[in-house]
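Survey of secondary and tertiary structure
Chain by chain, the residues run as shown.
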Amino acid sequence: MFKEYDIIVVGAGHAGCEAAAASANMGSSVLLITMNMAQMAQMSCNPAMGGIAKGQIVREIDALGGYSGIVTDSTMIQFRMLNKSKGPAMWSPRAQSDRMRFAEKWRLTLEQISNLDFWQDTVTEIMVEDQKVIGVKTSMGQTIRCKAAILTNGTFLNGIIHIGTKQFGGGRMGDKASLGLTGNLVSLGFESKRLKTGTPVRVDGRSLDFSKMEEQKGDEEPGKFSFINTPCLTTQRSCFITYTNQAVHDTLREGFADSPMYAGRIEGRGPRYCPSIEDKIDRFSDKLRHQLFVEPEGWDTVEYYVNGFSSSLPEEIQVKALKLVPGFENVRIFRPGYAIEYDYFPPYQLKPTLETHLVQNLYFAGQINGTTGYEEAAAQGLMAGINSHLALNDKEPFILKRSEAYIGVLIDDLITKSIDEPYRMFTSRAEYRILLRQNSADLRLTPLSFNIGLASKERMNRVEEKQKFIQQAMELIAGISLSPAEINDYLEQVETSPIIQKAKMASLALRPQVALNDLVNYSDTLKSELKNMGDLALEVLEEVEILLKYGGYIDKEKTLADSLSEYDNIPLKPDFNYNTLVSLSYEAREKLSKQKPSTIGQAGRISGVSPADIAVLIVHITH
């Protein structure tokens, strides 16, 4: 029934979709197997993409030639740039999406890729011969041969849904769990553990009183994620903010006796940074209220997502407490919140390419690695798709450094740090975040992706043109001077000191109160030059302003990154026997043997490996 494929991708969530698209677009023959083709690229939790650090990841995926940004731009209903009051390293795009259209757009996009096939089934076994993938077996009895496999199983592996005292198998509400594959992988020598996540109640917007809530509109000039010409928003839907109160908290506590979390029915650890509402009121009992974001699920639907009200309490308690929230007095729910517990495989078992140490050409991506969030999953899927194709074609692996991308930080963290709770990306995890700005993702990553055959020639041409325009604008601005008569009225308007003699525009742009976009109005030459740049003008102006205002910090961080990357260029053999180095601490020998770092730099980031241990390794390697 089936030909032999180069790559089989198991699971069609965000990781699976990006993995299948990347490897197929690079030239591999790919089969995407999913349990339910009607649920591809589902937003199982909140209907949004991006946010703090996650928005940077989506822009990086786009710059590399992935589709998450394109799909988001085509289906979003609201856009906001978060953290605009802070420096550009912290700016993070976020979009509210139309849940149904998002999934539809992803599927239609994948169907346009000629060498990508689909099959609806459940994979129950990875076939391995001589520690190498040779195919998969499915619950319908199919044996399908392949040269590589990428597992992106999400929360489906032995998934159990909890609502109060009720529990039943499922990968998410309405979809069955995936059974059998965990046992197969454990029999191959892999270690599995359990994690837990949750999702809030969904409500009928017709039953809400929005006049009692704070309206949260999108940006007046909405941005987008993709660096190519995707649609721009012209109209937007608002979100709303309301708050819990003491009466809500007291009502929720009534259900604690039946809470699976407190009764010990849930073994897996939940996400620290996205706790359930019952966890919030228990851990932060001193807080009198908690913020809730009421988010529309699409352009036309009346369904709303109550962000901040994740819960696994009995449904009657959830409804009773919700009715005490301002604006929710007459609420009707579509479905209750629930917790889901599932298997994951601690990612110390992976190489930096996301290939497993134990089985050649087997890759893990997404929540199977202990991450949480669509964006983190999509990034891993993209990288697994790229590296599986490169490996099958005997090409060098594609590994992003911590100083090159948030994706590099994400994967390095996964393979070097202990993941015992769902991992979520934050800007604080990136030590070089001023180099990893969301606006510069294309300049950093598109050339790298073009060189390995993923990013298109059109994308590369656009980046080269943008780089040329940035250089031209920098040189032009450096030569423009403005007189007191020309500029002082503006300077007083923005509450900064007037000048008493001619000043360089580049010097004025250094002032925090001064916007380069405003200074353009005082130079016809610059205005004309920007007009010639077409749709790249705003991107060029933004990058130039950042380079002018923060150039010193950027140069310092580049120098630091270059100096520290020395250790990341010293390789370690994956089969090295660390137990022969008795000068290493016992903990270092144990951790290094288990995690098999590929470089000295990675070894140094493993918890329990001290600088003294690294010194021993360096001496051994260099002598």
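Read on for a plain summary of the structure. (Residues numbered from 1 in each chain as written. Predicted model: local features only at pLDDT ≥ 70, side-chain atom pairs only at ≥ 80, totals over all residues. Heavy atoms only, no water.)

**Notes on the overall build of the protein chain**
Rules: Runs of H or I in DSSP of at least four residues are treated as helices and runs of E of at least two as strands, each being numbered from the N terminus. Values of the radius of gyration come from C-alpha atoms, whereas the globule rule sets the reference at 2.2 Å times the count of residues to the power 0.38. Residue burial is assigned from relative accessible area. The probe radius is 1.4 Å, only protein chains are included, and a residue is buried under 20% of its type maximum, exposed over 50%, and partly exposed in between.
On a plain count of helices and strands, the protein chain comes out with 20 helices and 21 strands. Its C-alpha atoms give the protein chain a radius of gyration of 26 Å, within 12% of the compact-globule value 25 Å for 623 residues. With respect to the principal axes defined by its C-alpha atoms, the protein chain has extents near 80 × 70 × 50 Å. In the protein chain, which comprises 623 residues, the proportion classed as buried is 58%.

**Brief notes about the side chain of Thr-242**
Heads up, the condition is: Distance and chemistry together define a polar contact, namely a pair of N or O atoms within 3.5 Å, with one atom able to donate a hydrogen and the other to accept it when in protein, and with adjacent residues in sequence counting only for side-chain atoms on both sides. Should any heavy atoms of two residues lie within 4.5 Å, those residues are considered in contact.
Its place among the elements puts Thr-242 in strand β14 (residues 239-243). With a relative accessible area of 3%, Thr-242 lands in the buried category. Polar side-chain contacts of Thr-242 include one of 3.0 Å to the backbone oxygen of Pro-326. Those residues in contact with Thr-242 that sit more than four places away from it in its chain are Met-213, His-290, Gln-291, Leu-292, Val-294, Val-325, Pro-326 and Phe-328.

**Regarding the nonpolar core**
Threshold: The criterion is simple. A nonpolar core is a set of buried Ala, Val, Leu, Ile, Met, Phe, Trp, Tyr and Cys residues joined through side-chain atoms within 4.5 Å.
Membership of the largest hydrophobic core comes to 106 residues, with the highest contact counts inside it found for Leu-362 and Ile-407. Looking at this core, the element that brings in the most residues is helix α9 (residues 374-392), giving nine residues. When near neighbours in sequence (up to four residues on either side) are disregarded, Ile-407 contacts Ile-57, Glu-60, Ile-61, Leu-64, Ala-379, Met-383 and Leu-400. Core analysis: the second largest hydrophobic core is formed by 30 residues, Ala-473, Ile-480, Leu-516 and Leu-548 among them.

**With respect to the packing of helix α6 (residues 246-253) against helix α8 (residues 315-322)**
Where we set the bar: Axis angles are defined between N-to-C directions and span 0 to 180 degrees, where every axis is a line fitted to C-alpha atoms and, for a helix, only to the segment in contact. When describing relative orientation, an angle under 35 degrees is termed roughly parallel and one over 145 degrees roughly antiparallel, while 65 to 115 degrees is termed roughly perpendicular and anything else oblique. Residues are grouped as follows: Ala, Val, Leu, Ile, Met, Phe, Trp, Tyr, Cys and Pro are nonpolar; Asp, Glu, Lys and Arg are charged; every other residue, Gly included, is polar.
Where α6 meets α8, the axes come as close as 8 Å, and the angle between the chain directions of the two elements is 170°. Accordingly, the angle class assigned to the pair α6 and α8 is roughly antiparallel. Facing Val-248, Thr-251 and Leu-252 of α6, the residues of α8 in contact are Ile-317, Lys-320 and Ala-321. Classifying every residue of the contact of α6 with α8 gives four nonpolar, one polar and one charged.

**So, the sheet that holds strand β4 (residues 76-82)**
Two pairing modes exist for strands in a sheet, parallel and antiparallel, and in both the strands are linked by backbone hydrogen bonds. Put simply, the rule reads: Between any two strands, pairing holds if DSSP finds at least two bridges.
Taken together, the three strands give an open sheet; going across it, the order is β3-β5-β4, and neighbouring strands pair in antiparallel fashion. Edge positions in the open sheet fall to β3 (48-50) and β4, since each of these has one partner strand only. Within the sheet, the average angular offset between the axes of one strand and its neighbour, ignoring direction, is 15°. Bridge analysis of β3 against strand β5 (residues 92-97) gives three bridges, and the strand direction is antiparallel. Following the sheet pairing, Met-49 is matched in β5 by Ala-95.

**What to know about the pattern of salt bridges**
Rules: For salt bridges, the criterion is a side-chain nitrogen of Lys or Arg within 4 Å of an Asp or Glu carboxyl oxygen.
As enumerated under the stated definition, the model contains 37 salt bridges in all. Between Arg-444 and Glu-60 there is a salt bridge, with its nearest N and O atoms 3.1 Å apart. Residue Arg-444 is located in helix α11 (residues 441-452), and its partner Glu-60 is located in helix α2 (residues 54-64); the two are separated by 384 residues in the primary sequence. Residues joined by salt bridges that share partners form a network here, namely Arg-402, Asp-412, Asp-413, Lys-417, Glu-431, Asp-568 and Arg-605.

**Quick word on the pairing of strand β10 (residues 160-163)**
Pairing analysis gives three bridges linking β10 to strand β18 (residues 338-344), with the strands arranged antiparallel. When the sheet's bridge partners are listed, Ile-160 is paired in β18 with Glu-341. In this antiparallel pair of consecutive strands, β10 and strand β11 (residues 166-169), the connection spans two residues, and Gly-164 shows a positive phi of 60°.

**Observations concerning the environment of Met-35**
Summarising the element assignment, Met-35 is placed in the loop between β2 (30-34) and β3. A residue is classified by how much of its surface remains accessible, and Met-35, at 23% relative accessible area, is partly exposed. For the pair Met-35 and Leu-181, spaced 146 residues apart in sequence, the C-alpha to C-alpha distance is 13 Å. What Met-35 contacts, discounting residues up to four positions off in sequence, is Gln-120, Asp-121, Thr-122, Phe-156, Lys-176, Ala-177 and Ser-178.

**Thoughts on the packing of helix α1 (residues 14-25) against helix α4 (residues 99-111)**
Put simply, the rule is: Crossings are assigned a handedness: left-handed for a near helix turned anticlockwise from the far helix by less than a right angle, right-handed for a clockwise turn.
Closest axis-to-axis distance for the α1/α4 pair is 11 Å, and the angle between their directions is 20°. On the basis of the axis angle, α1 is roughly parallel to α4. Crossing geometry of α1 relative to α4 is assigned as left-handed. Facing His-14, Cys-17, Glu-18 and Ala-21 of α1, the residues of α4 in contact are Phe-102, Trp-106 and Leu-110.

**Describing the environment of Arg-332**
Residue placement: Arg-332 occurs in the loop between α8 and β17 (333-335). The exposure class of Arg-332 is partly exposed, given its relative accessible area of 44%. In this structure the C-alpha to C-alpha distance between Arg-332 and Arg-202, which are 130 residues apart in sequence, comes to 9.0 Å. Beyond its immediate chain neighbours, meaning those up to four positions away, Arg-332 contacts Val-203, Asp-204, Arg-206 and Ser-207.

**Let's talk about the packing of aromatic side chains**
For the record, the criterion: Centres within 6.5 Å make a pair out of two Phe, Tyr or Trp rings, where for Trp the six-membered ring is used; the pair is then stacked when the planes are under 30 degrees apart, edge-to-face when over 60, and tilted otherwise. Placement of a charge over a ring requires the Lys NZ or Arg CZ to be within 6 Å of the ring centre, with the centre-to-atom vector within 35 degrees of the ring normal.
The tally for this structure, following the rule as stated, stands at eleven aromatic pairs. A ring pair is formed by Phe-79 and Phe-225, whose centres lie 6.0 Å apart and whose planes are at 75°; its orientation type is edge-to-face. Residue Phe-79 is found in strand β4, and its partner Phe-225 is found in the loop between β13 (214-216) and β14; the two are separated by 146 residues along the sequence. For Phe-79, a relative accessible area of 1% corresponds to the buried category. For Phe-225, a relative accessible area of 0% gives the class buried. Ring centres of Phe-190 and Phe-345 lie 6.4 Å apart, and the angle between their planes is 90°; on these two criteria the pair is classed as edge-to-face. You can see Phe-190 sitting in the loop between α5 (181-187) and β12 (193-204) and its partner Phe-345 sitting in the loop between β18 and β19 (362-364), a full 155 residues away along the chain. Look at Phe-345 and you get buried, because its relative accessible area is 0%. Ring-pair connections join several aromatic residues into one group, and the members of that group are Phe-190, Phe-345 and Phe-364. Positioned over the ring face of Tyr-243 is Arg-289, at 3.6 Å from the centre of the ring. Over the face of the ring belonging to Tyr-348 we find Lys-594, whose NZ or CZ atom lies 4.6 Å from the ring centre.

So far we have only geometry, and geometry alone does not tell us how the molecule works.
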